[in-house]
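Observations on chain architecture
What follows is the residue order along each chain.
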Amino acid sequence: MPAKIVSFVTMKGGSGKSTSAMCLGAYWHKSGKKVGLIDADPAGTLVRWIAAGADLADMPAITAGPDSVDAGIDRLLKSGLDHIIIDTPGFQSEATDAAIRRADLLIIPMRPSPIDYQVAIDTAEHIADLTSASVRFLLSQTTKGSVIARHMRAQMEAANAQPMEVELSARVAYGEAALAGTTPSYYQPRGAAAREIAEYATEIGNLMVARRKKARKASEPV
Ligand SMILES: Nc1ncnc2c1ncn2[C@@H]1O[C@H](COP(=O)(O)OP(=O)(O)OP(=O)(O)O)[C@@H](O)[C@H]1O
Ligand SMILES: [Mg+2]
């Protein structure tokens with residue numbers, strides 16, 4: 001089975017790309033999946049994150065610039081991974097475009113605010129110019145049951161933008177785990193953040209299966 005590539009993209013800084021990318025990668029790593037990361041953000045967030053602790057030290061992770069995202073993906077594919085996760089910078093760049101073109105699934109994380117929403121929609125339009133791969137919006141840093149999160153969800157649905165069912169709530173566990181070079185799945189495996197990450201990873205897994213079935217159907221003779 002060829003590796004499935006998930007890219008985290010939005011031109012809005014601080015929306016939760018690196019956190020949602022790392023939490024997914026760490027969850028899959030802990031579940032025994034062969035997963036690798038490409039850090040296409042010049043800030044090097046994922047690579048520094050991993051280096052700050054021991055839990056994720058054996059997860060393949062490489063940095064890639066605008067000219068090396070494709071080569072990085074090919075290198076990881078050759079090493080027999082099941083999944084590749086790509087984190088991108090919070091601005092438009094060639095690296096982001098390469099991560100968009102190669103992705104099987106694109107996640108646009110956004111905080112529940114009208115400003116993030118606008119940029120998320122612009123990002124989705126940019127993605128649609130480059131690929132027909134599936135795109136989902138992920139509400140990040142939400143307060144459970146808040147009016148603004150519900151409002152954003154309704155606005156997305158009205159605009160035919162597809163939000164994931166799962167939200168990643170604002171919890172200190174995310175920052176505390178990052179400080180220890182890890183994620184809540186390792187740091188507080190029975191905690192609320194770890195539970196939320198498990199649901200999130202399951203939803204992503206289901207989206208990838210749905211996509212595979214669709215691709216298989218499209219290739220069947222009529
Ligand atoms: N669910 C969460 N709960 C609490 N804090 C969070 C959560 N998600 C992200 N954060 C914090 O919010 C900040 C921004 O998150 P993150 O770095 O993941 O965003 P980003 O989109 O990758 O930003 P950039 O565009 O700068 O790369 C970080 O300090 C991170 O620890
Ligand atoms: Mg980041």
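As the structure is a computational prediction, the values presented were derived from the model and not from experiment.

**Section: unusual backbone geometry**
A positive phi angle, close to 60°, is found at Gln141, a residue other than glycine. Tracing the backbone shows Gln141 in strand S6 (residues 134-142). With phi around 65°, Asn160 is a residue other than glycine that occupies positive phi space. Note that Asn160 resides in the loop between helix H6 (147-158) and strand S7 (168-169).

**Here's the deal with the packing of aromatic side chains**
Each aromatic ring pair is described using two quantities: the centre-to-centre distance and the angle formed by the ring planes. Scanning the model with the defined rule gives zero aromatic pairs in all. When the ring centre of Tyr186 is taken as reference, the NZ or CZ atom of Lys30 above it lies at 5.6 Å.

**What about the sheet that holds S6?**
What the seven strands build is an open sheet, ordered S3-S2-S4-S1-S5-S6-S7; its pairing is parallel. Either end of the sheet is taken by a strand with one partner, and the two such strands are strand S3 (61-63) and S7. Set on the sheet, H6 makes contact with strand S5 (105-110) and S6; between it and S6 the angle comes to about 170°.

**Describing the packing of helix H3 (residues 69-78) against helix H4 (residues 94-102)**
In the contact formed by H3 and H4, the axes pass within 9 Å of each other and the chain directions differ by 45°. Compared by their axis directions, H3 and H4 come out oblique. Facing Val69, Asp70, Ile73, Asp74 and Leu77 of H3, the residues of H4 in contact are Ala95, Ala98, Ala99 and Arg102. Of the residues contributing to the contact of H3 with H4, the split by class is six nonpolar, no polar and three charged.

**Some words on the pattern of salt bridges**
As enumerated under the stated definition, the model contains five salt bridges in all. We note a salt bridge from Arg111 to Asp116, for which the minimum N-O separation is 3.2 Å. Here Arg111 falls in the partly exposed class, since its relative accessible area comes to 27%. When its relative accessible area of 4% is taken as the criterion, Asp116 is described as buried. The residue Glu196 makes a salt bridge to Arg171 at a minimum N-O spacing of 3.3 Å.

**Some thoughts on the environment of Thr45**
Relative to the elements of secondary structure, Thr45 occurs in helix H2 (residues 45-51). Linking Thr45 and Lys12, residues 33 residues apart in sequence, is a C-alpha distance of 16 Å. Those residues in contact with Thr45 that lie beyond four places of it in its chain are Ser18 and Asp39.

**Regarding the site of ligand 1**
Ligand 1 sits among 14 residues. The nearest are Gly14, Lys17, Ser18, Thr19 and Ser169. For ligand 1, a nitrogen atom lies 2.8 Å from a polar atom in the backbone of Ser169. Separating a nitrogen atom of ligand 1 from a backbone N or O atom of Arg171 is a distance of 3.0 Å. Considering ligand 1 on its own, with 630 Å² of exposed area, one finds that the protein chains cover 69% of that surface. Considering every element that reaches the shell around ligand 1, the biggest residue donor is helix H1 (residues 17-30), with three residues. Residue composition of the shell around ligand 1, grouped by class: two nonpolar, nine polar and three charged.

Reading the values: rules and limits
Residues numbered from 1 in each chain as written. Chains lettered and ligands numbered in written order. Predicted model: local features only at pLDDT ≥ 70, side-chain atom pairs only at ≥ 80, totals over all residues. Heavy atoms only, no water. Helix = DSSP H or I, 4+ residues; strand = E, 2+ residues; numbered from the N terminus. Phe/Tyr/Trp six-rings, centres within 6.5 Å; stacked < 30°, edge-to-face > 60°. Lys NZ or Arg CZ within 6 Å of the ring centre and 35° of its normal. Pairing = 2+ DSSP bridges. Contact = heavy atoms within 4.5 Å. Axes fitted to C-alpha atoms, helices over the stretch in contact; angles between N-to-C directions. Parallel < 35°, antiparallel > 145°, perpendicular 65-115°, else oblique. Nonpolar A, V, L, I, M, F, W, Y, C, P; charged D, E, K, R; others polar. Salt bridge = Lys/Arg side-chain N within 4 Å of Asp/Glu carboxyl O. Buried < 20%, exposed > 50% of the residue type's maximum accessible area, 1.4 Å probe, protein only. Near = heavy atom within 4 Å. Polar contact = N/O pair within 3.5 Å; in protein donor to acceptor, adjacent residues only side chain to side chain. Areas by Shrake-Rupley, 256 points an atom, 1.4 Å probe, with all protein chains shown as cover.

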